[in-house]
Amino acid sequence: MAEVTLSHVRKVYPNGAVAVEDFNLAVRDREFLVLVGPSGCGKSTTLRMVAGLEEITSGTISIDGKVVNDLPPKDRDIAMVFQNYALYPHMTVKENMAFGLKLRHTPKGEIEERIAEAAEVLGLTPYLSRLPKQLSGGQRQRVALGRAIVRQPKVFLFDEPLSNLDAKMRVEMREEIHRLHLRLDATILYVTHDQTEAMTLGDRIVVMESGHIRQVDDPVRLYNEPANCFSASFIGTPPMNLLPMTADGQGRLTSEAGTLMPPQAVLPALAPGQTVLVGIRPEQMIQTADRAPFENALLAEVDIVEQMGAEAYVHFNVAGVRMTARTKPDWGARHGERYYVQPMLDRLCLFDVASGERLYA
């Protein structure tokens, strides 16, 4: 396979809109790297620049050590899987998978061999003679995957390939893509707005916002050690709670809801009166039935309880801020009730109010 390197890549459209700004990234050989972020953050534009479908304004893109800025897509040795499948409606599954190989004058026997192998891997063998309209959405996406696999490219590019599928099919196809990566041992650059896809598929995740990279990390570190408020609030379902609290100069953080005294390993040097955003993951808010004030707890008024079966999401109002706790389903909290909830103090994340960047002890 191959490495993909983007150095100071910038994309500005003719109307002056900046889609991607000073993008620097090295995709490792055989790595599954995911670009994730909200709509309009520049992730698909970045992928299309790698593919050669968008011209870059400045910077360089290299594949396998070769600068490809001026190479057309067909000469970059990449295969791209699109959101809308992009299948030829008048061609059978087999013909769709063979089309790119025929354009490259691949010997007929080799084409047959590659298609048979890919069809077996993807469970498409019984459908090779069908037209796309005779297939389900998941089967069409498998055909698009098969068409990419038979190319045997250096790099696979995926542009939100699961967005058009229902929830059950997305889970199945996510597993299929994961298994495919393990089998092919391929370099994959994958774009999605779904952070669950990003967390379950990526060896590393690139969090993007407004054309900028906000954090690059493996899924566990990204979840447990977000570098900024954006990463903290975008990654995780429900997202991280962010509560403004004020340092009192004596190792305590205070708010109208209560006082917390984090361990020194968590609490950075803060000036008395300095306000910070305290990040608490929903599963790190310990449920309690206490209604009387006690140390290291926050007064929370229950708003909505969402029963999820194996767990419940309890949405609170804490000093005017909406926060969520992931709890056991049988807690029994009701709308309007008040409780004191206890954060796991050794897991708190503190962020600067102005910049949103993480404060480290």
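Quick look at the structure, then. What you see is a predicted model; the values in this text were computed from it and never measured. (Residues numbered from 1 in each chain as written. Predicted model: local features only at pLDDT ≥ 70, side-chain atom pairs only at ≥ 80, totals over all residues. Heavy atoms only, no water.)

Turning our attention to the overall build of the chain. What the chain contains, in helices and strands, is eight helices and 21 strands. For the C-alpha atoms alone, the extent of the chain along its principal axes is close to 75 × 45 × 35 Å. Of all 361 residues assigned to the chain, the portion counted as buried reaches 48%. Counting contacts in the chain only where the partners sit at least 6 residues apart, residues at least 24 apart contribute 68% of the total. (Helix = DSSP H or I, 4+ residues; strand = E, 2+ residues; numbered from the N terminus. Buried < 20%, exposed > 50% of the residue type's maximum accessible area, 1.4 Å probe, protein only. Contact = heavy atoms within 4.5 Å.)

Attention now goes to empty space enclosed by the protein. Evaluated as defined, the whole model comprises one cavity of 30 Å³ or more. Size it by volume and the largest cavity reaches roughly 30 Å³. In terms of lining residues, the largest cavity is bounded by Val 305, Gln 307, Ala 312, Val 314, Thr 327, Lys 328, Pro 329, Trp 331, Gly 332 and Ala 333. (1 Å grid on protein atoms, 1.4 Å probe; cavity = no way out; pocket = protein on both sides within 12 Å on 5 of 7 lines; lining within 4 Å. Points joined across faces, edges and corners; volume = space filled by probe spheres on them.)

Let's shift gears to the side chain of Thr 92. Tracing the backbone shows Thr 92 in the loop between strand S6 (78–81) and helix H2 (93–103). Other than its neighbours up to four places away in sequence, Thr 92 contacts Leu 128, Ser 129, Arg 130 and Leu 131.

In this structure, the largest pocket occupies an estimated 470 Å³ of space. Surrounding the largest pocket, 19 residues form its lining, Ile 78, Met 80, Arg 104, Arg 147 and Arg 151 being those nearest its centre. Secondary-structure elements contributing two or more residues to the lining of the largest pocket are S6, H2 and helix H4 (137–151). Its residues placed into classes, the lining of the largest pocket shows 13 nonpolar, two polar and four charged. (Nonpolar A, V, L, I, M, F, W, Y, C, P; charged D, E, K, R; others polar.)

Between its first and last C-alpha atoms helix H5 (residues 167–184) spans 26 Å; for 18 residues at 1.5 Å apiece the expected length is 26 Å, and the two agree. Restricting attention to buried positions, one finds in H5 the residues Met 169, Met 173, Arg 174, Glu 176, Ile 177, Leu 180 and His 181. For H5, the buried positions fall inside an angular range of 165 degrees around the axis, keeping them on one side. The exposed set on the far side of H5, more than 90 degrees from its buried face, consists of Lys 168, Leu 182 and Arg 183. The N-cap residue of H5 is Asp 166: its side-chain oxygen and the backbone nitrogen of Lys 168 are 3.3 Å apart. Of the residues one or two after H5, Asp 185 is the one with positive phi, at around 55 degrees. (Expected span 1.5 Å × (residues − 1). Arc of directions from axis to C-beta. Polar contact = N/O pair within 3.5 Å; in protein donor to acceptor, adjacent residues only side chain to side chain.)

Here the focus is the sheet that holds strand S15 (residues 285–286). Pairing is antiparallel in the open sheet, where five strands are placed in the order S15-S19-S16-S17-S18. With one partner strand each, in any of the chains shown, S15 and strand S18 (321–327) form the two edges of the open sheet. With four bridges joining them, strand S16 (residues 298–307) and strand S19 (residues 338–343) adopt antiparallel strand pairing. By the bridge assignment for S19, Glu 301 is matched with Arg 338. (Pairing = 2+ DSSP bridges.)

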